[in-house]
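Okay, here's what each chain looks like letter by letter:
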Amino acid sequence: MKFRGNKKPYLIRVTAASLFFLAEILAFFPVGKSIAGLLSFSFAPAAARLAADFSVTALIIVAVNLLIAFFFGRFYCSVFCPFGLLQDIIGVIFRRKTGKTINLPYIRYGILAIVVAFMVLGVTAVLRFLDPYSNFGNIVTGFINIKTVSLLTFSPLVVIIGLVIWKNRIFCTTICPVGTVLGLCAKFSPRGLCISKDICKGCGVCERECPAGAINSKEKYLDNERCTRCLRCIAACPGGGIKYTAPEKEKFIPSRRTFIATGVIAAAAIGVLAKGKELALAIAEGLKKRPICLPGAVSVENFVQKCTNCGLCVEHCKGKILKKPDGEYDTVHIDFSGGKCEFDCKNCSDVCPTGAIRKMTLEEKQNCRIGLARFDYDKCSKCGLCAAKCPKGAITHEYGQMPVYIASKCIGCGACENICPVDAIEIVAINPQSQI
Amino acid sequence: MQINRLDWKTTRGEEQYNIARKANLPIVVMEPLRGSLLANLNAEATKILKDYNPDASVASWAFRWLAGLDGILTMLSGMSAPEHLEDNIKTFTNLTPLSEEEQKVYDKAIAAHLKQSAIGCTACRYCECPVGVNIAGLFSLYNQYMYDDRANKNMSFINHYEALKESERADKCIKCGLCKPKCPQQLDIPELLVKVHKAYLEAKGA
């Protein structure tokens, strides 16, 4: 593919995108814990965090993303969004040739309305398959944990490969709620990319190169709402006919179809507001097994409503006790068989981008009860290791006696279960979590 | 304060009442019907009361027993049906304490009720089991099973027990003991849950 136009903006964009993409993958490895904060700049998780665990930082992140989209367009989609960059890589691997454009505004507005309705109810888990960051995280952590996850974990990957092969960045223009919001900001912007009617000879190279299908070269029209600012069109246009300027204002004439579609979308959103919370609670009730939740999850119901399964916490857990959903559990959960909840660690709470895990001070975490210990005194060998390892002093032991358990001091960290040589201790989940 | 004919003795209600009276504190009575237990006495006890006065509800005896105590400001009655409200209005219009003869009849009825072994839970749910055992539900099932005279009582108990979610059942108690200080009836809940589960296993085996 030979670009005959101004390649510089495109090359700068690709360089920036590559650096972000590598950083975002690295953020999922323990060495990348300091970069994990980068992922909290993702738009949908930051918006979710606003609702779950308000912070000024989250508000600033959301505002900055909206402003950038308003003034400059959807650069987020081609520079920062890891799922978008993943699609570009898939496109290169499968040698995707861009096909005809299709624009399905009612589908993307409908999806956005439903997502917003769920998020207003506090059910941000709706983003599990619709948020590009969560999809990306799910795929990356799926590969890292490939031995333990079910094949179903990779179904979004199969779907996105199919979508890219069919119509390139169609997820971004038709499904992605982040793209729809940013696109609406770009749509009402005073400036955008425009095809100069004087320069354009109608060769159609830009339309062929556009992964979002946002260009109609016959009508010399570039749809800034769907344009993901990959800048390939500028690189391809031999005459330099695409410029960043004030577009012609289109008159918005609502048609009958607009009214009907708006009505349907509004009805869907109201339906969600009426029944969405019930549905979310029913899902929490119907979980295969009640999990032990991470400290800061507040309760199983809250966690199931907020966690989008990106898996970032799983990768940064110091004790290596966090596991992705597997055959036994439907959510991210704690498994004490290989370790304990490290007393001085609050990585999961620090990295969680959606606020499904409350932000806490270390002291709050060390007083957050996630479970209680069940002792099988028949198996007990009276070694006293449990008492020695308990960070809260919830177990006392006299030589030769059974250990004495003081439940009121226990936070369920699993140190005792982990150290017991005869498997006489089991941590049992409690719901909701409490501060002792 | 939790004062009623049962707690007068079993949970030192009389001592507490005396302390409040000495300090001249007006008393607000909670659990006048001991969590509806005193409105639903067993068949033998109910017969004793109805034989004496067929028109008086069982609950009215409990309220009128309390009316005999000085210094009571108000009684908190958890009325969950219109009939309860109507009956209470009837009782409290021209409220009269029990006469000496009525006291004796009431004592006889209470004794007949207490003869059967039951768990004195009032379903206040202060226990808040952290692992989700349905303590009040289990104790209620057990009490009903104890009072059940029917031929299919085992079947009925087993069915009701198994209708509870597995995580709620008595054998899921981990004996952490966090419930015990919270129980106003001072029940030894972990011990009693063992009793309930044993009863279930025996009913299954029968």
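See the structure shown above.
Everything numeric in this text was worked out from a predicted model, so none of it was measured.

(A) Looking closely at the overall build of chain A. A count of helices and strands for chain A gives 20 helices and 10 strands. When its C-alpha atoms are laid out on the principal axes, chain A stretches across 95 × 45 × 35 Å. Looking at chain A residue by residue over its 436 residues, the buried ones come to 48%. Here the contacts in chain A between residues at least 6 apart in sequence split such that 73% fall between residues at least 24 apart.

(B) A look at the packing of helix α6 (residues 82–93) of chain A against helix α8 (residues 132–144) of chain A. Residue and element names in this part refer to chain A. Packing of α6 against α8 leaves a shortest axis separation of 7 Å and a crossing angle of 65 degrees. Contacts between α6 and α8 involve P82, F83, G84 and L86 on the former and, on the latter, P132, Y133, N135 and F136. For the contact of α6 with α8, the class distribution of residues is six nonpolar, two polar and no charged.

(C) Region of the structure containing the packing of helix α7 (residues 105–120) of chain A against helix α14 (residues 256–285) of chain A. Residues and elements named next belong to chain A. Two elements in contact, α7 and α14, have axes separated by 9 Å at closest approach and are oriented at 25 degrees. Between α7 and α14, the angle falls in the class roughly parallel. For the pair α7 and α14, the crossing hand works out as right-handed. Contacts between α7 and α14 pair Y106, Y109, G110, A113, I114, A117, F118 and V120 from the former with A261, I265, A268, A269, V272, L273 and G276 from the latter.

(D) Just the environment of A:I334, in detail. Residues and elements named next belong to chain A. Topologically, I334 is positioned in strand β6 (residues 333–334). Counting along the chain gives 34 residues from I334 to C368, while the straight-line C-alpha distance between them is 15 Å. With sequence-adjacent residues up to four places away left out, I334 is seen in contact with P291, I292, L294, I321 and L322.

(E) Representation of unusual backbone geometry. Note that the residue after A:N431, namely A:P432, is joined by a cis bond; omega there is -5 degrees. Along the chain, A:P432 falls in strand β10 (residues 425–435). Phi at A:N309 takes a positive value of approximately 65 degrees, unusual for a residue other than glycine. By the element assignment, A:N309 lies in the loop between α15 (300–306) and α16 (312–316). Phi is positive for B:K175, which is not a glycine, with a value near 55 degrees.

(F) Molecular detail of the interface of chain A and chain B. Counting residues at the interface gives eight residues for chain A and eight residues for chain B. Of all the secondary structure elements, the ones that give two or more residues to the side of chain A that touches chain B are β7 (368–375) and β10 of chain A. Of the residues forming the side of chain A that touches chain B, the biggest block, three residues, is contributed by β10(A). Broken down by class, the residue content of the side of chain A that touches chain B amounts to four nonpolar, two polar and two charged.

Rules behind the numbers
Residues numbered from 1 in each chain as written. Chains lettered and ligands numbered in written order. Predicted model: local features only at pLDDT ≥ 70, side-chain atom pairs only at ≥ 80, totals over all residues. Helix = DSSP H or I, 4+ residues; strand = E, 2+ residues; numbered from the N terminus. Buried ≥ 20, exposed ≤ 12 C-beta atoms within 10 Å, placed from the backbone. Contact = placed C-beta atoms within 7 Å. Axes fitted to C-alpha atoms, helices over the stretch in contact; angles between N-to-C directions. Nonpolar A, V, L, I, M, F, W, Y, C, P; charged D, E, K, R; others polar. Parallel < 35°, antiparallel > 145°, perpendicular 65-115°, else oblique. Left-handed = near helix turned anticlockwise from the far one by under 90°.

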